[in-house]
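These are the residues of each chain, in order.
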Amino acid sequence: PCQTPTLGFCVERHLERLHHVPKPFWTLQVEAKDRGEIFNLNWAGGRVFEQKKAVRVKAAMLTAGIATVVAVEEKQGSTPRPTGLNTVGMLKLASTVLGMGPHHAMQVAERLYMQGFLSYPRTESTGYPKGFDMEGMLGIQSKNRYWGNYVKSLIEIGFSPPRQGKDMGENPP
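A brief look at the structure comes next.

Each value, and the rule that gives it
- Residues numbered from 1 in each chain as written.
- Predicted model: local features only at pLDDT ≥ 70, side-chain atom pairs only at ≥ 80, totals over all residues.
- Heavy atoms only, no water.
- 1 Å grid on protein atoms, 1.4 Å probe; cavity = no way out; pocket = protein on both sides within 12 Å on 5 of 7 lines; lining within 4 Å.
- Points joined across faces, edges and corners; volume = space filled by probe spheres on them.
- Helix = DSSP H or I, 4+ residues; strand = E, 2+ residues; numbered from the N terminus.
- Buried < 20%, exposed > 50% of the residue type's maximum accessible area, 1.4 Å probe, protein only.
- Pairing = 2+ DSSP bridges.
- Patch = residues over 30% accessible without salt bridge, like charges linked within 9 Å, V, L, I, M, F, W, Y side chains within 5 Å.
- Areas by Shrake-Rupley, 256 points an atom, 1.4 Å probe, with all protein chains shown as cover.
- Salt bridge = Lys/Arg side-chain N within 4 Å of Asp/Glu carboxyl O.

As a further point, take the layout of surface pockets. Taken as a whole, the largest pocket encloses approximately 1300 Å³ of empty space. Contributing to the lining of the largest pocket are 41 residues, with Phe 117, Leu 118, Ser 119, Tyr 128 and Pro 173 lying nearest its centre. Going through the elements one at a time, helix H3 (87-98), helix H4 (102-114), helix H5 (134-141) and helix H6 (148-157) are the ones with two or more residues in the lining of the largest pocket. The biggest single contributor to the lining of the largest pocket is H3, with six residues. Taken as a whole, the second largest pocket holds about 770 Å³ of empty space.

Structure representation (structure tokens):
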């Protein structure tokens, strides 16, 4: 029963892909050079779906020859700490970052679980239960010959626990 909505989304997306009609578009990419440094400039207009307009803008840029910086904008941003990975999150990351298929990713995760490197990989939880001994878990990992020194340095300097996710009451992420 919980698979039915997912199947519906998959069928809907499949039909969208079957009926997709591609539209040609143009983008404007400019390289600027200043004191030996090359900068890539992006046109705020994004994609142009009219070839005549793209040609006009290109011609205007080529005839100008000189560009003037009219504004400099500085933005500060931060990325929140991640939550723990549930099974779906782990499979998505394995696919996008490591290029692994879901079957292979689960095989690797289960092997790592059997060797004591991860918690049980089949979980819906993204949060650790209250009272979870994160430092104790790190202590176990600190004995590993590959990353043990890194884990010891985390314990010494202090570490930030993962952002609180949802504890589904089963296995931790």
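Here the narrative resumes, following the displayed structure.
When you tally the buried positions in strand S2 (residues 37-42), you get zero out of six residues, a small fraction of the element. The pairing of strand S1 (residues 29-34) with S2 spans six bridges and is antiparallel. Looking across to S2, one finds that Val 30 is bridged to Leu 41. Connecting the antiparallel pair S1 and S2 is a turn made up of two residues, with Arg 35 showing a positive phi of about 50 degrees.

Attention now goes to a nonpolar patch on the surface. Side chains of Tyr 113, Met 114, Phe 117, Leu 118, Tyr 120, Tyr 146, Trp 147 and Tyr 150 sit close together on the surface and give an oily, nonpolar patch of about 880 Å² of accessible area. Among the structural elements, Tyr 146 can be located in the loop between H5 and H6. Judged by its relative accessible area of 62%, Tyr 146 falls in the exposed class.

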